[in-house]
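# Structural features, examined
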Amino acid sequence: MQKLFGGIYKDKSVLVTGHTGFKGSWLVYWLREMGAKVVGYSLEAPTQPNHISLLNLDIVSIVGDIRDLDQLNRAFETYKPDIVFHLAAQPLVRLSYENPIETYETNVMGTLKVFEACRKYDVKAIVNITSDKAYENKEWIWGYRENDPMGGYDPYSSSKGCADLLANSYRNSYFNVQEYKKTHDTLLASCRAGNVIGGGDWAKDRLITDIMLSVSQGKKVSIRNPHATRPWQHVLEPLSGYLHVGQKLLEEKKEFGEAWNFGPSDEGSITVEEVIHNVKKHWEKIDYEINQDPSQPHEANLLKLDCSKAHILLKWKDVWDSDTTFEKTVKWYKSFYEEDTKILTEDDLKSYVADAKTKQIEWAV
Ligand SMILES: NC(=O)c1ccc[n+]([C@@H]2O[C@H](COP(=O)([O-])OP(=O)(O)OC[C@H]3O[C@@H](n4cnc5c(N)ncnc54)[C@H](O)[C@@H]3O)[C@@H](O)[C@H]2O)c1
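As the structure is a computational prediction, the values presented were derived from the model and not from experiment.

Here helix H5 (residues 100–120) crosses helix H6 (residues 155–173) at 15 degrees, and the two axes come no closer than 9 Å. Viewed along their axes, H5 and H6 adopt a mutual orientation that is roughly parallel. Here H5 and H6 pass one another in a crossing that is right-handed. Contacts between H5 and H6 pair Pro100, Thr103, Tyr104, Asn107, Val108, Thr111, Leu112 and Phe115 from the former with Pro155, Tyr156, Ser159, Lys160, Cys162, Ala163, Leu166 and Tyr170 from the latter.

Spelled out as structure tokens, the structure:
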């Protein structure tokens, strides 16, 4: 594990915001396996149960709000991170309609404060996590490219578009690549990925979580949007992209201080109804009913990323096809619910890395 990504993470001080959440917990687990000194900075885990407690990792875990610049500064002062992965956010579209102020405060002002702490403490590398929803969604069949305009219909998507614009401004104003090593030492990249799935997510209003919770309680899951097409990736896929970009930034390759898309291939974009059929193959007890509610708030339907840039310049590729992605995810929850909370995170990471090696993906070899 320690040799992955050119061995760059071993003994590095890595600060991860949002480590008590779904993606953050997988990221800190992977970083620990690679020998990084991990500092997590987040609010308490947003759900019960939650993956981070189940992992029981040996890391520094700070309970803190990214909107609190003084506390952020203290964490940076104490742990002097070489690299920051910024994942903390209010990430739910429905909740953002109910609570736009907190969504913007966290996702925009919180991001601003994380960047300010990075600037004050001369952090070498920042990997800022936004979303495919940050793009102005034209509801068309083509994928969005990194140079397409930011937008966002609902408050969550718009807040992520704002966070990306903020990253652009910081890249121009303070972390300008032309001025790198002259007036500053920081490289900043923004990474945009779509819906991710995998074990250990209990956030509200997420399809796989809803399905797994319902089946564990012997209930039918109610499906709101059966024809919506989404890209479905295992959580380890964008994480391998974030870590690969982080590697390049730590290697001082300034041309990587840009925006990056990490999405699945076309085959990974399927409808919600197809997802249900797919997961049923691995846990036959799963049952569902379609419950289209005409008064539900607007959610994007067609959303696809063009990942040519990551494929060509980073040589990043998907490791798992959608069948494997659904299989791994369902087995994780099945094990948790039917085998006394046994989690398969370690097995999943090992088999993901082994498959990446077999496919000769650059970060793995
Ligand atoms: N899960 C997905 O499908 C998906 C898709 C695209 C982008 N993203 C992005 O990835 C990141 C992680 O998402 P996730 O799915 O793990 O979300 P999550 O809800 O599971 O985790 C969010 C994390 O942020 C922390 N947090 C929230 N508000 C905070 C605050 N004010 N101060 C400090 N910490 C705070 C929470 O405690 C938690 O650790 C987010 O930036 C999200 O927008 C997620």
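With that out of the way, let us pick up the site of the ligand. Every one of the 28 residues lining the ligand counts as a neighbour, but Gly18, Gly21, Lys23, Ala88 and Ala89 are closest to it. Residue assignment for the shell around the ligand shows that the elements contributing at least two residues are helix H1 (22–33) and H5. Considering every element that reaches the shell around the ligand, the biggest residue donor is H1, with three residues. The residue makeup of the shell around the ligand, split by class, is 12 nonpolar, 12 polar and four charged.

Right, let's talk about the packing of helix H3 (residues 69–79) against H5 for a bit. Put simply, H3 and H5 touch, their axes get as near as 9 Å, and they point 40 degrees apart. By the criterion of interaxial angle, the relationship of H3 to H5 is oblique. In terms of crossing hand, the pair formed by H3 and H5 is right-handed. Counting all contacts with H3, which are made through Leu69, Leu72, Asn73 and Phe76, the residues of H5 involved are Lys113, Val114, Glu116, Ala117 and Lys120. Its residues assigned to classes, the contact of H3 with H5 shows five nonpolar, one polar and three charged.

Calculation notes
Residues numbered from 1 in each chain as written. Predicted model: local features only at pLDDT ≥ 70, side-chain atom pairs only at ≥ 80, totals over all residues. Axes fitted to C-alpha atoms, helices over the stretch in contact; angles between N-to-C directions. Helix = DSSP H or I, 4+ residues; strand = E, 2+ residues; numbered from the N terminus. Parallel < 35°, antiparallel > 145°, perpendicular 65-115°, else oblique. Left-handed = near helix turned anticlockwise from the far one by under 90°. Contact = placed C-beta atoms within 7 Å. Near = placed C-beta within 6 Å. Nonpolar A, V, L, I, M, F, W, Y, C, P; charged D, E, K, R; others polar.

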